[in-house]
Structures are given as C-alpha cells and as structure tokens.
Amino acid sequence: MLHFNKYLYKCIIRNADVRIKAYHTKSFSCLYKLLAMQQKKKLKHFGNNFNATLKVIGSGALGTPAFLYLLTDQSNYLFNCGEGTQRLSQEHHCKLSKLNDIFLTTLSWKTVGGIPGLLLTAQDNGLTTVNIHCPDGLNKFVETIQTFTYLPNLKISYPSTYEHKVYKNNVMTVSYVHITKSLKTTEECSLHMVNEKQCYSNVNGKRVINEEVEINERKKTRSTSNVICYICEIHPRPGKLVINKCIDLGISPGPVLSLLKRGLDVTKEDGTIIYSKDVRHPDSPKTTFIVAECPTEEYLDSFLHHPDFLKYQQAGSKEQDEICCIFHFTPENVFTNQRYQNWIAKFSSKTEHIVLNNENTCMGSEAVYKNQYLLNMLHPEIFPLLPKNNINENEIKNNHIHRARAIQTLQVRPAVKSIIQSTIHNEPHTYLEQVSQIHNFQKALNELKVNIHKKSIELNLNNTSDYPRIIMLGTGCSVPNKVRNTSSILLRVEKNNSILLDCGEGTLGQIIRFFGLSESNNILRSIKAVYISHIHADHHLGLIGLLLRRKQITSDKLYLLIPTCMAPWLNFYNDRFESISQQYTLVKNSDLYMNQHKLSAAFENTFLNFLNVKEISTVFVEHCKQSYGIAVILKDNTKITYSGDTMFSKNLIKLGKDCDLLIHEATMEDGLETLAKRKLHSTTSEAINAGKFMNAKFTLLTHFSQRYSKIPYLPKRETNVGLAYDHMEIKLSQLPLLPLFHPCIKIMFNEYNKVLEN
C-alpha cells in the first residue's frame, strides 16, 4: 500500500499555505482532510479523465469576431480574439474565469481587437494567469493598452512559439506551424517599408512625420508578417480500470486505485511496481484538430507545402493521424482558390471543415433580437425590427464543409461526435407569446397605444422633420452584456451626414446589426466625425475596427475628436499593426473648449461646414483625466449635449444651457451616491437634476450599470426624462413619447424590476 500518510507529512513541510491553515485548525485530522482535498483538486486538474468540446462562438460575419473555444471540465482555450469576443463569450456561457490559454493566428484587429476588453473582464471574473500564444509583438500591444485598461491582478505569459517546439499541458499538445510570404513578396515589402515615412494628418490636413518612431523599427515590425497555424492533439482518454486485475495483484480499494485509474504507476510496500497500462483497458485514440489561416494568396506556397501538414494528408495515413476538424480562418478569396481546395481534398473524407470569415452572416447574438422584438411592441418606429439577413444561416453545399455559426459544437472527448448545428434565433411569436402571458401586460400595452396616439396628435408628429435623429448603438456601462453594448451614439444630422459620439467595442457590429449589410456601408460613409469623450476602453475600443471597415468602402477622411492622451495609442497601432492614420484628421478636444477655441478660423469654418453644423464645443467634466462633455449646435440652432462619463458637473450645466436634448450618463441608481462618487459617475437623480439645472427640454439617460440592463430604475415618473435602449432610433420631436413607455416596460421586465425594488 502506498505510504499516503508520509506523503501528507511531506506536503506539510513543502506547502507554506497549508501550514498556515494547519496552525488555525490545530488538529491533524483537519489538516489531513484539508491536504487530501487539496491534492484531490490537483489530481483532477492534472488528470486525463476530462470531457472536451470545440465550440464556435463568433462566425466572422462582418461586424462579428471569428473565434472558437476548446471547452473542458478543467479549463478553457480560446482561438483568436477579435473585437466583440467578450460579449459573445458571456452570452454563450464560455467562462472567462476558466480561460487558460489564448492562441492567435495573426496580429491584426480581427484577431486581437477583443484582447483589451476580454482581459479586463476575465480579471474581474477572477482570472489570475493566462498564456497567450502568438506571433512576436503582442507584449508591446498589451503594455500599451494598459494606459486605459488596468490589469494589476492578471499575470500574462507569452510561451515561446518557435517552430518544432510544442506546448503541452494536461489537456493537449500544440504544435506551431509558421506560415510566411513567398520570398519575392517579402523582399518587395521590405523595400517598400524602407522608403515609407510614418506620418499623420494634423488639424490643417498636412502630412506630418512622427519622428518618435524610428523607421528601422517600423520596417522590422510592419514587414514581419508572421502567421501561426496550430495543430492540437487532445490527449487520449485513459482506458477504464479493470478491477479484477487490480484484486489479483493485491491492490486494495483506496488512493492507489485512483492513481492507477489516472494513468500513474505505483509501488507497493514490497517494492513491486504496478504499471497502470497492465490494469486498464486500452486508451481511446487521440483527437487532433487544426486551426488554420492563410491570410492572402502571398502565403499560399508556404501554407500548402508545409511539412507539418503532410503526414495528415498522405493517402493511407493511420487512423490515429486523421484530423477530426479543420477550422479555417482564411478569407473567402483564398479559401475558394483552387490550390487551397486541392489542399483540403488531401485530408481524410472524415475530416470536417468549418469556415470562419466575413462571408458568413450569423452575428451570434439571440438576446439583442429578443429584446428588440419586445420593445418593438411599444413603438415599431422608435424600436424597429432588426434586419433578418444578419441572422440567416448560410451553408456551403458540401457534407463536410460548413459555414461557421454561433454555438456550432463538436464534441471531441470522450468520443468524437457529429457537428451540432444549433439554432440561436427563435421566431418573434415565441417571445411575444411569453410576454403576453404576463399579468396586466396587454392592458398596459393597450393604454400605451392610446396615449401615444393622443400625444402624437398633440405634437403633430406626422408633420415633423425626419432629421436630426438619434440612434443609440450602445447604452451600457464598462462591460457589454447581452442587451446593452458599450457607449456609442449616432447623431444623424442629415441622411448623408452623421457624427458618432463615442465608439465602444462592437460599435461596427451594432451598426451592421441595425441597418443591415448594404445600408451599413452608406451609414459608415455618412460619418463625418467621431468624438471620443475620454480614454476609458468602453468608449473607444470600437474605433479601430470602424476605421478599418470604413477604409474598405471609402477614401474620404473623417474628423477624429479625441483627448490628447489617446493619440499615443492610435500612433502605436498605426506603426506596429495596420495603417489607419490616413483615415482621419485629428482635432484635440481641448481645442474646442467652450469660449476658448484654439483652432484657426479658416480650419474651424472648414471643419464645421464639412459637418454641416453651426458650432461644436467641449468642456472638462469630472471623471478621469481629460474627460470631456460636448455640445453640438445644428444650423437650425437645435442644441444637443452629451455628458460622456461624469459626476454631477457644473461645467456641463454651463455648456448645455437651454439645450433641446441632454444625453446624460446614469450609471448608478439612487441610494448609491457614495459609490457613484468613488467611481466618478452619476446617479439617476443627479443626471435628471443636471438636465433641470441647465433647462434642457429633454433628458435621455444612458450608460447604465449591468445590474440595470433590462430596466434602469427611475425614482419617479418624469415628464421630460426617458430611458435609452440599444437600437432605439428617435427623432427629436418624438422624445416626449419616451416617458409614456415606462409603465409598460416595468410590467414587461417585471422580474428584473422586482430585483431593483427589493
């Protein structure tokens, strides 16, 4: 019998944490149980008896990240992390607190754009360590984002990804397959980079060389186009223990049986070694999958002829060398290339292929559609139904090649099973039937319709201008949730002229989800300026993705209004990753400060005429360093004020005096004034009072804490105060309708309202 007690005594000596706990227990019996429990957890963590599932969450559709998880009982593994990954991960219950490793195929926004938000949320969820496997350069990216994402409790490691080196843990062995451009292409790229100058456009539209970043460093970082594919072999599941053989060898029930079951050999007291393989059934076959990306045709030669793929492609290869699935992060034009298709054909006919690129249409979220269906019952114009072409599931007509869609699942352990194609979106009647069963809802809805009709006649809403109008793209605080994205507001001055107020992560996806694929391009062209209120991540992480998409459809520049402290982040991304500086002309928020504009008269006139507005002014508000509020005055003297994030601010009241609309953050409910003050945010009543003090005609509350995702709390019924929801589109003339919705919304979301009231 194994000397288990001696083992425990050794642990006492080696484990300082356990010794401290033992001091408090003052009992060997308690210590014994404590150590046994701790070792049991370790054995479970390092054991081989686990289940594993591969799950696609993001399909790669336009505005949607392409990523998948390997989910196990013990830990989770993420492959690529584009913008919006954290939001979909949380909706589809992929626990970030269990995240063990992140694998990135390339370093571009489509693979790293979700890293800042995901790491921040994972840290808040209790994650303390994570490994990121990627091409060289991400460590500088993570260092830079910590100017606006605070990660003091998260230790990030970057394992070596050299070719012919493998990464191995208790779940799988990962091989790194490096893909490079052809030699001719690389030489041409290097020559081009030597002659290129780093520049950006100043407020006068001139190209200015930024001498802080040396050209040699840029040549090294921008011309190194590393791509890594991953071959992942999940460890075989150990065969079951044959109890009769154990009895024959004189092994009594106890810890030794558990060790043998987990594949460990043990030594009896007489010195006899019992080998695990002798008392177990044969192990199950190993399961192998590939995560592949060939970003352009310039990489095809390296990709198609890489020797690490050959052993899985050779005719007559052993069953244990067969690939169960290949996940293709490859763009459509390369995937459909005949050479790439020939490469696919060389794998076993049993190999499944899942394509994750922007030709897919599934945007992955069911919650946003459900919420919009419900709100649409209140007012179909203010809460329009979202286009269905964003959720249709498209297929490649091949039994083994599949378009990626959300919750596409492949069980790989204990045994490989067929791909499960889940449906994430129900028909409207499913949701409407559920809400219609709520007590008094139909009565409240009927009363609302009557009140809306009366108010519409009173305000003569049938004869009002279509513009300006406000579209709320993100109304949540800090971290996105299922129904509220992070801050973003589209001010449509005219049909072809818009200003974006803040641009939280996922803003591009929200635009595509609201307008549909084709119309979203027109909206992106219409955006003449983007204003960023402050440097916190939830207000600007969607900017780079929006600029990159806009770059594909127009060469027109926009004006980028930012706090000065944000410029280094944009310069860093432009220098090290992808060129974005030619997409905008920078304007510092401080240069638009109320009554102290520092722009030249000529430039300011050009700027305002381009936006077709009369005046834009900013003011400091009380939040983080360089936080601003903004007021936009249109040509017809309509005045719209936006607070950004702030405590109750006298500066903002001066700026917004007599405005037609105040959009003000209301992060906390009343009663949490101390917490709001500590977080430098406003409570609901503080936001409402700001509107009253500045004599705003209407106050629209936004930026709600996750606790109030469905129905933020209002202290009492206010006649000129409304609650913002994602995908709300409202003309200024319709604002007085919003207070009418609140009684019906309280009943619709009654279970959430009860939580708030309690």
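The structure contained in this document is the topic of the report that follows. It should be emphasised that the depicted structure is a prediction, and the values quoted were computed from it without experimental measurement.

What counts, and where the lines are drawn
Residues numbered from 1 in each chain as written. Predicted model: local features only at pLDDT ≥ 70, side-chain atom pairs only at ≥ 80, totals over all residues. Heavy atoms only, no water. Salt bridge = Lys/Arg side-chain N within 4 Å of Asp/Glu carboxyl O. Helix = DSSP H or I, 4+ residues; strand = E, 2+ residues; numbered from the N terminus. Pairing = 2+ DSSP bridges. Axes fitted to C-alpha atoms, helices over the stretch in contact; angles between N-to-C directions. Contact = heavy atoms within 4.5 Å.

Right, let's get into the pattern of salt bridges. Under the defined criterion, the tally for this structure stands at 14 salt bridges. Notably, a salt bridge pairs Lys455 with Glu458, separated by 3.8 Å at the nearest N-O pair. Of the two residues, Lys455 and Glu458 both sit in helix α18 (residues 441–459), 3 residues apart, roughly one turn of that helix. Asp660 is the partner of Lys697 in a salt bridge, and the nearest nitrogen-oxygen pair spans 3.1 Å.

Quick look at unusual backbone geometry now. Cis geometry is found at the peptide bond from Arg413 to Pro414, where omega equals 15°. Tracing the sequence through the fold places Pro414 in the loop between β18 (408–413) and α17 (428–436). In this chain, Tyr467 is followed by Pro468 through a cis amide linkage whose omega measures 5°. Following the sequence through the fold, Pro468 ends up in the loop between α18 and β19 (469–474).

In spatial order, the strands read β6-β5-β4-β3-β2-β1-β18; together these 7 strands make up an open sheet with mixed pairing. For this open sheet the edge positions go to β6 (155–157) and β18, each flanked by a neighbour on one side alone. Mean inter-strand twist for the sheet, computed between neighbouring axes without regard to direction, equals 20°. On the sheet, helix α6 (residues 115–124) packs against β2 (66–72), β3 (76–79), β4 (99–103), β5 (129–133) and β6 and is oriented at approximately 170° with respect to β4.

Pairing between sheet strands relies on hydrogen bonds along the backbone, with the strands arranged either parallel or antiparallel. A sheet is described by the order of its strands in space; here 7 strands give the open sequence β24-β23-β22-β21-β20-β19-β31, paired in mixed fashion. The sheet terminates laterally at β24 (584–588) and β31 (728–731), the two strands that pair on one side only. Neighbour-to-neighbour, the strand axes of the sheet open up by a mean angle of 20°, direction not taken into account. Against the sheet, helix α19 (residues 507–515) contacts β19, β20 (488–494), β21 (497–503), β22 (527–531) and β31, and its axis sits at roughly 125° relative to β19.

So, to be careful, I would describe these as geometric facts and stop short of saying anything about function.
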